[in-house]
Amino acid sequence: MKLRVAHLYPDYLNIYADRGNIAVLTQRAELRGHSLEIESVGLSGEIRSSAHDLYYVGGGQDREQALIAPDLAAKGSALIEAVLGGAALLAVCGGYQLLGRGYRGRDGSTMPGVGLFPHETVAGSTRMIGDVLLECEPVPGERRTVAGFENHAGRTLLDGGAVPLGRVIHGHGNDGESGFEGCRVQRAIGTYLHGPLLPRNPWLADWLLAQAIAHATGEDPPVFVEVPDELAEEAHRVAAARAKSRGGRRR
Ligand code: GLN
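About the cut-offs
- Residues numbered from 1 in each chain as written.
- Predicted model: local features only at pLDDT ≥ 70, side-chain atom pairs only at ≥ 80, totals over all residues.
- Heavy atoms only, no water.
- Helix = DSSP H or I, 4+ residues; strand = E, 2+ residues; numbered from the N terminus.
- Buried < 20%, exposed > 50% of the residue type's maximum accessible area, 1.4 Å probe, protein only.
- Contact = heavy atoms within 4.5 Å.
- Pairing = 2+ DSSP bridges.
- Axes fitted to C-alpha atoms, helices over the stretch in contact; angles between N-to-C directions.
- Polar contact = N/O pair within 3.5 Å; in protein donor to acceptor, adjacent residues only side chain to side chain.
- Near = heavy atom within 4 Å.
- Areas by Shrake-Rupley, 256 points an atom, 1.4 Å probe, with all protein chains shown as cover.
- 1 Å grid on protein atoms, 1.4 Å probe; cavity = no way out; pocket = protein on both sides within 12 Å on 5 of 7 lines; lining within 4 Å.
- Sits in = over half its atoms within 2 Å of the grid points.
- Salt bridge = Lys/Arg side-chain N within 4 Å of Asp/Glu carboxyl O.

Visitor: Looking at this structure, I do not really get the environment of Leu-165. What am I missing?
Guide: Along the polypeptide, Leu-165 turns up in the loop between strand 8 (142-158) and strand 9 (166-170). Residue class for Leu-165 comes out buried when judged on its relative accessible area of 6%. Once residues within four sequence positions are removed from consideration, Leu-165 is found in contact with Leu-134, Cys-136, Glu-181, Gly-182, Cys-183, Arg-184, Ile-189, Gly-190 and Thr-191.

What follows is the structure, given as structure tokens:
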């Protein structure tokens, strides 16, 4: 089937080649006989809450975030409606921060957020940089690891009861202290991890695709046959080993 994907602000939020995540989604959809129809939604674009099965927002530095934050906040209610209606979403770093209630940057200026994720972000005086390894449970009882790379000044504090993407095994995560990384709301995932994220963690790409298919069909997410990908496994192994040797937080 054809899955409809909205890529928000690709010209502004695309550091560390976050666009590569879209390439992985496209390839893994094709492996299962599906295709993606990707629409870029920029400053003049519109979000129509039932028009897409999957939304993607990449990362960006404070300057780029400030340029799009008011526009994204104005699109916020349509985006929330889409996610509450069952659409899948992946937001990385700067995009993740702006999908919370707001972000106070290094210069003290406040950027409005969408209010999809139950969190707030405030920039600290140091940056949290390096490889990260997480442990998460996308489906109850199914343990997975996520390897990626973080580089952020923002400290994201989840509200009590909010569901993180995972627990930090190595690295800083949301705030360097809580041991949480990322956030989940229904089929939406926010995370600090670049890498880009999906080339190193193809199971997460599959999870997102399955959720997008569920949105499109109105049925349960399909269970895909695993497709071995040695390069992706190697990329995961290397990033996980680097995260381990980095030190930082350990369980
Ligand atoms: N500007 C944000 C921060 O430094 C996000 C950076 C990013 O997307 N890598 O916290």
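Visitor: I keep staring at the pairing of strand 7 (residues 119-139) and nothing clicks. Help me out?
Guide: Sheet faces and side chains relate simply in a regular strand, where the side chains alternate between the two faces. Where strand 5 (residues 102-104) and strand 7 come together, two bridges link them in parallel fashion. When the sheet's bridge partners are listed, Tyr-103 is paired in strand 7 with Thr-121. Relative to strand 8, strand 7 runs antiparallel, the two being bridged by 15 bridges. Following the sheet pairing, Val-139 is matched in strand 8 by Glu-142. The hairpin turn running from strand 7 into strand 8, its antiparallel successor, is two residues long, and Gly-141 in that turn takes a positive phi close to 90°.

Visitor: Would you take a moment to explain the sheet that holds strand 4 (residues 88-92) for this structure?
Guide: Pairing between the strands of a sheet comes from backbone hydrogen bonds, and it takes one of two forms, parallel or antiparallel. Judged by pairing direction, the sheet is mixed, and its six strands sit side by side in the order 2-1-3-4-12-11 without closing on themselves. Looking along the sheet, the strands with just one partner apiece sit at the ends: strand 2 (35-41) and strand 11 (183-185). Ignoring which end each strand starts from, the neighbouring axes of this sheet average 15° apart. Where strand 1 (residues 2-8) and strand 3 (residues 54-57) come together, four bridges link them in parallel fashion. For Ala-6, the partnering residue across the bridge sits in strand 3 and is Tyr-55. Of the strands in this sheet, strand 1, strand 2, strand 3 and strand 4 are in contact with helix 1 (residues 20-31), which crosses strand 2 at around 155°.

Visitor: I'm lost on the side chain of Glu-181 in this one. Help?
Guide: Relative to the assigned elements, Glu-181 resides in strand 10 (residues 180-181). The class for Glu-181 is buried, based on a relative accessible area of 0%. A distance of 2.6 Å separates a polar atom in the side chain of Glu-181 from the backbone nitrogen of Tyr-192. Residues in contact with Glu-181, not counting those within four places in the same chain, are Leu-134, Pro-164, Leu-165, Gly-166, Val-168, Gly-173, Asn-174, Thr-191, Tyr-192 and Leu-193.

Visitor: So what exactly am I meant to see when it comes to the site of the ligand here?
Guide: Surveying the vicinity of the ligand reveals 16 residues, the closest of which are Asp-62, Gln-65, Cys-93, Gln-97 and Gly-154. Here Gly-60 contributes a backbone N or O atom positioned 3.0 Å from an oxygen atom of the ligand. One nitrogen or oxygen atom from the side chain of His-194 is found 3.1 Å from a nitrogen atom belonging to the ligand. Protein chains shield 100% of the accessible area of the ligand, which is 300 Å² for the free molecule. More than half of the atoms of the ligand fall within 2 Å of the grid points belonging to the largest cavity. Sorting the residues of the shell around the ligand by element identifies helix 2 (62-74), helix 4 (94-98) and strand 8 as the ones contributing at least two each.

Visitor: Please explain the pattern of salt bridges as it appears in this structure.
Guide: Pairing between side chains of opposite charge can happen when their charged atoms approach one another. Counted according to the given criterion, the structure contains 15 salt bridges. One salt bridge connects Arg-143 with Glu-137, and the closest N-O pair in it is separated by 3.9 Å. The class for Arg-143 is exposed, based on a relative accessible area of 60%. A salt bridge links Glu-142 to Arg-144, with the shortest nitrogen-to-oxygen separation between them at 3.3 Å. Taken together, the salt bridges that share partners define one network made up of Arg-28, Arg-32, Asp-206 and Asp-229.

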